[in-house]
Amino acid sequence: MLCCDFQYLRADFKLNIQFEMQDQLLGIVGASGSGKSTFLKNLVGLLHPTQGSIQFNQQVLFDQQKNIHVPMHQRKIALIFQNALLFPHMNVQQNLMYAEKQVNHADRKFHFNEIVDLLELKPLIHRKAHQLSGGEAQRVSIGRALLSSPHLLLLDEPLTGLDHQLKQQILPFLKRLKEEIDLPMIYVTHHVDELVFLHAEILMLEQGKLMPATYQFSS
Ligand SMILES: Nc1ncnc2c1ncn2[C@@H]1O[C@H](COP(=O)(O)OP(=O)(O)OP(=O)(O)O)[C@@H](O)[C@H]1O
């Protein structure tokens, strides 16, 4: 599925990634500054590794030696950030439909009604972004990412900034994604309890190095 062997160098930071993703949901836990966002940005194509390669579903997305660099919009990888980034002048329905319209009919993996049902967005459909709570906005942002029909979904601390109660509301939706839709996901977070709840396979990122989790997590 996803096969990474690359380094990314920044003035005083080195990211060193070697792994093959086997499971449908990979969780990566790491402290602040360990390189979680930098890792995801290399996968999605916002940053380019300094050396090495990234392959996804037999397609080479990046290979420094062969000078291959598939641009972001051709990677079919969606990235959800910490804060939901919705178009403020559009309502929820328009935000979702905008994403769906960017994809040819034949390439659509998910459809509007299916995603509205999955994420229970119907009651919110006519609200503008500023009329949504943080948790509701993040649900819409997940819906919008799904309607872009990605083949891999990256979640960068999607619950950061939400209070405990909102986190408890969103986590079951994320679990539903894992259980009900056929889409590999990588979920990075500071909080291992979120990954345990989602029954993710867990790796650790420590000072830019990705490694197996060295301790047992109980669920
Ligand atoms: N645009 C940038 N320019 C220079 N250094 C950066 C930039 N973005 C991040 N860094 C540095 O790169 C390292 C990795 O940062 P990164 O944002 O990937 O960590 P993170 O694990 O996602 O952190 P957090 O959990 O706080 O979001 C850190 O040392 C950070 O200070």
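Structure: above.
Each value, and the rule that gives it
Residues numbered from 1 in each chain as written. Predicted model: local features only at pLDDT ≥ 70, side-chain atom pairs only at ≥ 80, totals over all residues. Heavy atoms only, no water. Salt bridge = Lys/Arg side-chain N within 4 Å of Asp/Glu carboxyl O. Helix = DSSP H or I, 4+ residues; strand = E, 2+ residues; numbered from the N terminus. Buried < 20%, exposed > 50% of the residue type's maximum accessible area, 1.4 Å probe, protein only. Near = heavy atom within 4 Å. Polar contact = N/O pair within 3.5 Å; in protein donor to acceptor, adjacent residues only side chain to side chain. Patch = residues over 30% accessible without salt bridge, like charges linked within 9 Å, V, L, I, M, F, W, Y side chains within 5 Å. Areas by Shrake-Rupley, 256 points an atom, 1.4 Å probe, with all protein chains shown as cover.

**What about the pattern of salt bridges?**
- What the rule picks out here adds up to three salt bridges.
- A salt bridge links Glu-120 to Arg-176; its shortest N-O distance comes to 3.1 Å. Here the residue Glu-120 occupies a position in the loop between helix H3 (112–118) and helix H4 (134–147), and Arg-176 occupies one in helix H5 (residues 164–180), the gap between them amounting to 56 residues.
- Accessibility expressed as a relative area gives 42% for Glu-120, which makes it partly exposed.
- The partly exposed category is assigned to Arg-176, whose relative accessible area is 24%.
- Note that Glu-136 is salt-bridged to Arg-127, the shortest N-O span being 3.5 Å.

**Topic: the site of the ligand**
- In the vicinity of the ligand there are 13 residues, among which Arg-10, Ser-32, Lys-36, Thr-38 and His-190 approach most closely.
- Here Ser-37 contributes a backbone N or O atom positioned 2.9 Å from an oxygen atom of the ligand.
- Within the side chain of Thr-38, one N or O atom sits 2.5 Å away from an oxygen atom of the ligand.
- Among the elements that line the shell around the ligand, the one with the most residues is helix H1 (residues 36–44), at three residues.

**Topic: a nonpolar patch on the surface**
- Together, Leu-46, Met-72, Phe-81 and Leu-85 line one region of the surface with nonpolar side chains, adding up to about 350 Å² of accessible area.
- Mapped onto the elements, Leu-46 comes out in the loop between H1 and strand S4 (51–56).

Function cannot be inferred from these measures alone, as they are strictly geometric.
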